Structure formats: structure tokens, C-alpha cells
Amino acid sequence: MATTACFIIVSRNDIPIYEAEVGSAVKREDVAHLHQFILHAAQDIVQDLAWTTSAMFLKAIDRFNDLVVSVYVTAGHTRLMLLHDSRNDDGIKSFFQEVHELYIKIILNPLYLPGSRITSSHFDTKVRALARKYL
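The shown structure was predicted, so the numbers you read here are calculated from the model rather than taken from an experiment.

Student: How would you summarise the pairing of strand β5 (residues 79-84) if you had to cite specific residues and measurements?
Tutor: In terms of residue burial, β5 counts as a mostly covered element, since six of its six residues are buried. With burial as the criterion, each face of β5 is covered, one bearing R79, M81 and L83 and the other bearing L80, L82 and H84. The sheet contact formed by strand β1 (residues 5-10) and β5 spans six bridges and is antiparallel. Residue pairing in the sheet places V10 in a bridge with R79 of β5.

Student: Give a description of the pattern of salt bridges that names residues and reports values.
Tutor: A side chain of one charge can pair with a side chain of the opposite charge if their charged atoms are brought near each other. Applying the stated criterion across every chain, the model contains two salt bridges. The salt bridge partner of D14 is R79, with a shortest N-O separation of 2.3 Å. Of this pair, D14 sits in the loop between β1 and β2 (16-21) while R79 sits in strand β5, placing them 65 residues apart in sequence. Given the relative accessible area of 35%, D14 is considered partly exposed.

Procedures and definitions
In this numbering scheme, every chain counts its residues from 1 along its sequence in written order. Residue-level local features of this predicted model are given only where pLDDT is at least 70; pairs of side-chain atoms are given and counted only at 80 or more, and the full residue set underlies all totals for whole chains, interfaces and linings. With hydrogens and water stripped out, all remaining heavy atoms of the structure feed into the side-chain values. Exposed residues in this analysis have more than 50% of their type's maximum accessible area, buried residues have under 20%, and partly exposed residues fall in between, with area computed by a 1.4 Å probe over protein chains only. Under the DSSP-based scheme used, a helix requires at least four consecutive residues in state H or I and a strand at least two consecutive residues in state E, with every element numbered from the N terminus. A strand pair is defined by DSSP finding two or more bridges across the two strands. Here, a salt bridge means any side-chain nitrogen of Lys or Arg that lies within 4 Å of a carboxyl oxygen of Asp or Glu.

Just distances and angles here, no functional claims.
Shown next as C-alpha cells:
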């Protein structure tokens, strides 16, 4: 079964700093734009929910047809957002936690400028491997 998954990291200033289509479904450009639109639309919901709960993992905050938006909000209000069609909450939570650890390693790098795009091929490879493992 082909899974659809689009993953982005959005900085506290609402700037996307990392994007990846991590599902096993066939990739089409028009669908990729739709995924980005859905995730952008969900950001308002995330901002409202982030201030009302102390939980970092916000399960299904928004739905579009059969796609679900799940979010993990870091202590610094960086948002890890995943658009997916699976129902594996434990796997998604584990994916977010491990990507959060990778993100912390990136921001601790003295050569990384906070808020800038993450262009590391090592980071991209690790995120895609985690997506294959958990999603």
C-alpha cells in the first residue's frame, strides 16, 4: 500500500526551514503543492493549540479528505508538521521525537544560523530513513 506523507519544519517565525515528501506514493508536482497548502492552512490551528496545551505532540489537528495533519511543537515553538494518511499514532510520535533529536543536533552546530533553511544532506537522509522506519 502506498502511503502519502509530507513533512515540514516551520521555524518560530513561520518560515519553512525544511521540507520533504517522505511517502512511498508516486510523486506529482501538483499534489506536492496541495500538500504544502494543507500544511500552511493548518498553521493557524497549531498556533492556537500550542498555547492551550503543554503537550508537545498534537495528534490529528486537521483533516483534508483522507489526509491528516499531525504536529510536534518544540519548546522553542518550532513546529514539525506531518501530512499523512496512516493511522499509526505511536509510529508518528516516535518519528517526531527522533527528528526532534536530529533537529537539536543541527541547531547546536555553531555554523548553523538559527531560522535558516536546513540544507544538510546528512539530515535529509536521516529524516527519510526515519520516515521509512516509522511511517
